[in-house]
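If you want the building blocks of each chain, they are given just below.
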Amino acid sequence: MSTDVAVRVSGLAKSFVRETRGRASVVPVLGDVTFEIARAEFVSIVGPSGCGKTSLLRSVAGLLDVDAGTIEVDGKAVTGPGRERAVVFQDFALLPWASSLDNVAFGLKLQGVGRAERRRRARAALEMVGLDGFADALPHELSGGMRQRVGIARALSVDPDVLLMDEPFGSLDEITRRSMQEELLRIWERDKKTVLFITHSVEEALFLSDRVLVMGGKPGRVVETLTPELPRPRTRSQESSEAFTSMRDKIWETLAC
Amino acid sequence: MLTPGSRRRLLPRGPLALQALGLVVGLALWELIGALHLISWFPSLHAVLGRVGELAAQGKLQEPLVQSVTNLVVGYLVSVVAGIVIGTLMAVSKYVNFALRVYVDALMAAPSIMLVPVLYVLFGLSSFTLIAVIVLYASVFIMVNTRNAVAGASSALHDMARSFGAGPVAAFFWVTVRSAGPEILSGLRLGMGRAVKGMFNGELFIAVFGLAALDKSYEGAFDTTGILAVAVVVIVLAVVLSTIVEFANRRLNGWALSPS
Ligand SMILES: Nc1ncnc2c1ncn2[C@@H]1O[C@H](COP(=O)(O)OP(=O)(O)O)[C@@H](O)[C@H]1O
Ligand SMILES: [Mg+2]
């Protein structure tokens, strides 16, 4: 039973100390966040900006210490970053001085993989995201969509169990964004990783996910859980289906209050 | 923009041609004004260059030049190390920043030459004083640029490196400081110009060392050709040294110089 759970977050709370004009005040950002993600499940979290989505993801990534509550990944308590998790960042977080190949290989390098092996795996990952011809290009020579493909390839190359994605398509234009969503699903269908996907787009969450958690309130917590039971592989025509639109309206209602 | 493996040029072509043209026109004007005796005391370019050659042939240039350049290199290297280390500490620790900010701000704003007599009293008539003056001139600019660069570096890259297993210290040095590279290097470039200024001002004050001593000897005799000959040497020196720093910058930070 418990082996089916990949990520378990319970009672998570986090406050930040904010200093304004020399005066420190405590701002609660997350209050009692609890949810589970099953293995190979694609779960999205939607919520307005500032409700603590990034803080939640950074906590699960082991990049942020929490004040209360527990996080377990693969049954082990999270105390810091770990190899079974890989993060895809909103602003790509590519090393500006390194080629696509070196950027993808960076994670493998930090994990001590030898040069030949990491180049081989980085090439394979670049191919998977459709960037085989751009191994030598620097980030500034790539479009936004291509940069995030590098970011996704870097996360996939270390072969994590859980993929943590923080608004990965948030800074892309609508057209690129939609094709990246389809691309992500195509990759995900191949070897179903557990995905925690953060977005502020309701449509994106519904199109991609098995389950959508709606975050809101101050401090932020999960206020609603929805299960878009749309058959996979997903198609764009599903976006006009009754199931999709009614769930979208329901989420909008939740977010409005 | 999307061509894979496109080569990056080390130097921009167009601006370089314009720079060369500007230089040639300026030098031609100088020669013309001098040769036509438009200003009675103003020597022509070839007279000044002739004097530089003469000085070199007589061996009068070599010793002061070696003295000055040695002090400059030592002073600059000390400034680079001190500037980067202290600047980084100021960026990382607000306590260090608070403690040192007063001095840094004062040194940035006040004319550094005020402090030359103090150093002279402290260290006496030695190259140590001259090196200290160079450090005084150059290190503050390197420090401030380093502090701002490191403090402003993307925390997203640090997070990224941490998420893939880099320790906090490794992530700081190999990602945060590295990404601050271009701005640190621009401090190094500023610092080089300041170091040359510090070198000459220090020597002028003491007036028995290096190129400035040579300059002083002509000043007494109202020998404008001699003064300008030394000036040409100092300017060429400054340009050569800045070019070396700039070249290092292009090698290390080419990624930041192309438009994003
Ligand atoms: N390191 C931090 N220090 C202080 N406040 C922070 C920090 N990180 C986030 N916050 C604050 O916490 C709140 C939630 O931020 P975030 O988790 O980024 O939300 P979201 O990703 O949903 O937009 C914001 O008000 C933000 O200013
Ligand atoms: Mg966010």
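Note that the structure is a prediction, hence the values are computed from the model and not measured.

Thresholds applied
- Residues numbered from 1 in each chain as written.
- Chains lettered and ligands numbered in written order.
- Predicted model: local features only at pLDDT ≥ 70, side-chain atom pairs only at ≥ 80, totals over all residues.
- Heavy atoms only, no water.
- Salt bridge = Lys/Arg side-chain N within 4 Å of Asp/Glu carboxyl O.
- Helix = DSSP H or I, 4+ residues; strand = E, 2+ residues; numbered from the N terminus.
- Expected span 1.5 Å × (residues − 1).
- Buried < 20%, exposed > 50% of the residue type's maximum accessible area, 1.4 Å probe, protein only.
- Core = buried A, V, L, I, M, F, W, Y, C linked by side-chain atoms within 4.5 Å.
- Contact = heavy atoms within 4.5 Å.
- Buried area = accessible area lost by both parts, 1.4 Å probe.
- Polar contact = N/O pair within 3.5 Å; in protein donor to acceptor, adjacent residues only side chain to side chain.
- Axes fitted to C-alpha atoms, helices over the stretch in contact; angles between N-to-C directions.
- Left-handed = near helix turned anticlockwise from the far one by under 90°.
- Nonpolar A, V, L, I, M, F, W, Y, C, P; charged D, E, K, R; others polar.
- Pairing = 2+ DSSP bridges.
- Near = heavy atom within 4 Å.
- Areas by Shrake-Rupley, 256 points an atom, 1.4 Å probe, with all protein chains shown as cover.

J.: Now, about the pattern of salt bridges: what can you tell me, with residues and values included?
T.: Enumeration over the complete set of coordinates arrives at 27 salt bridges over all chains. A salt bridge links A:Glu117 to A:Arg120; the nearest nitrogen and oxygen atoms lie 3.3 Å apart. One end of the pair, A:Glu117, and the other, A:Arg120, are both in helix α3 (residues 115-128), three residues apart, so they sit about a helical turn from each other. Linking B:Glu246 and B:Arg189 is a salt bridge whose minimum nitrogen-to-oxygen distance equals 2.4 Å. Of the two residues, B:Glu246 is situated in helix α11 (residues 224-257) and B:Arg189 in helix α9 (residues 181-206); the sequence distance between them amounts to 57 residues.

J.: Let's hear about helix α6 (residues 127-152) of chain B: which residues, and what values?
T.: With 26 residues, α6(B) extends 37 Å from end C-alpha to end C-alpha; this agrees with the ideal 38 Å at 1.5 Å per step. Where burial is concerned, most of α6(B) is hidden: 21 out of the 26 residues are buried.

J.: Can you break down the nonpolar core residue by residue, with the values?
T.: Core analysis: the biggest nonpolar cluster contains 93 residues, and A:Phe35 and A:Leu56 have the highest contact counts within it. Ranked by residue count, the leading element in this core is helix α4 (residues 144-157) of chain A, at six residues. With 33 residues, the next largest nonpolar core counts B:Leu45, B:Leu188, B:Ala212 and B:Leu214 among its residues.

J.: Tell me about the interface of chain A and chain B, and name the residues and values.
T.: The interface is formed by 31 residues belonging to chain A together with 24 residues belonging to chain B. Together chain A and chain B conceal approximately 2300 Å² of surface at their shared face, both sides included; 67% is due to carbon and sulfur atoms. Among the residues chain A hides against chain B, the three largest losses belong to A:Trp97, A:His140 and A:Glu141. Together they make up 30% of the total. There are two salt bridges connecting chain A and chain B. Connecting chain A to chain B are one residue pair in polar contact (both at pLDDT 80 or more).

J.: Let's hear about the packing of helix α2 (residues 100-110) of chain A against α4(A): which residues, and what values?
T.: Residues and elements named next belong to chain A. Here α2 crosses α4 at 30 degrees, and the two axes come no closer than 8 Å. Here the hand of the crossing between α2 and α4 comes out right-handed. Contacts from Ser100, Asn103, Val104 and Leu108 of α2 reach α4 at Val150, Ala153, Arg154 and Ser157. When its residues are assigned to classes, the contact of α2 with α4 shows four nonpolar, three polar and one charged.

J.: Let's hear about the sheet that holds strand β8 (residues 194-199) of chain A: which residues, and what values?
T.: Residues and elements named next belong to chain A. Read from one edge of the open sheet, six strands run β6-β7-β8-β3-β9-β10, paired in mixed fashion. Of all the strands in the sheet, the pair left with one neighbour each is β6 (85-88) and β10 (221-226). Across the sheet, the axes of successive neighbouring strands diverge by a mean angle of 20 degrees, strand direction being ignored. Across five bridges, strand β3 (residues 42-46) lies against β8 in parallel orientation. By the bridge assignment, Ser44 is partnered in β8 with Phe197. Sheet contacts for helix α1 (residues 53-61): β3, β6, β7 (162-166), β8 and β9 (211-216); angle to β7, the most-contacted strand, approximately 155 degrees.

J.: Could you give an account of the pairing of β6(A), naming the residues involved and the relevant values?
T.: All names here are of chain A. The alternating pattern of β6 places Arg85 and Val87 on one face and Ala86 and Val88 on the opposite face, and all of these are buried. Where β6 lies against β7, four bridges are found, and the strand directions are parallel. By the bridge assignment, Val88 is partnered in β7 with Met165.

J.: So what about the sheet that holds strand β2 (residues 23-38) of chain A? Which residues, and what values?
T.: All names here are of chain A. Ordered in space as β2-β1-β4-β5, the four strands form an open sheet in which the pairing is antiparallel. Two strands bound the open sheet, and with one partner strand each, they are β2 and β5 (76-77). Examined bridge by bridge, strand β1 (residues 5-20) and β2 share twelve bridges and lie antiparallel to one another. Within the sheet, the bridge partner assigned to Phe16 lies in β2 and is Val27. Strands in contact with α1 are β1, β2 and β4 (68-73); relative to β2, the strand with the most contacts, it is inclined by about 65 degrees.

J.: I'd like a rundown of the site of ligand 1, residues and numbers included.
T.: All names here are of chain A. Around ligand 1, the structure places Phe16, Arg18, Val29, Pro48, Ser49, Gly50, Cys51, Gly52, Lys53, Thr54 and Ser55. Between ligand 1 and Thr54, the relevant distance is 2.7 Å, taken from an oxygen atom to a side-chain nitrogen or oxygen of the residue. Ser55 is positioned such that a nitrogen or oxygen atom in its side chain is 2.6 Å from an oxygen atom of ligand 1. Burial of ligand 1 by the protein chains amounts to 63% of its free accessible area of 560 Å². Broken down by secondary-structure element, the contributors of at least two residues to the shell around ligand 1 are β1 and α1. Ranked by residue count, the leading element in the shell around ligand 1 is α1, at three residues. Here the shell around ligand 1 is composed, by residue class, of four nonpolar, five polar and two charged.

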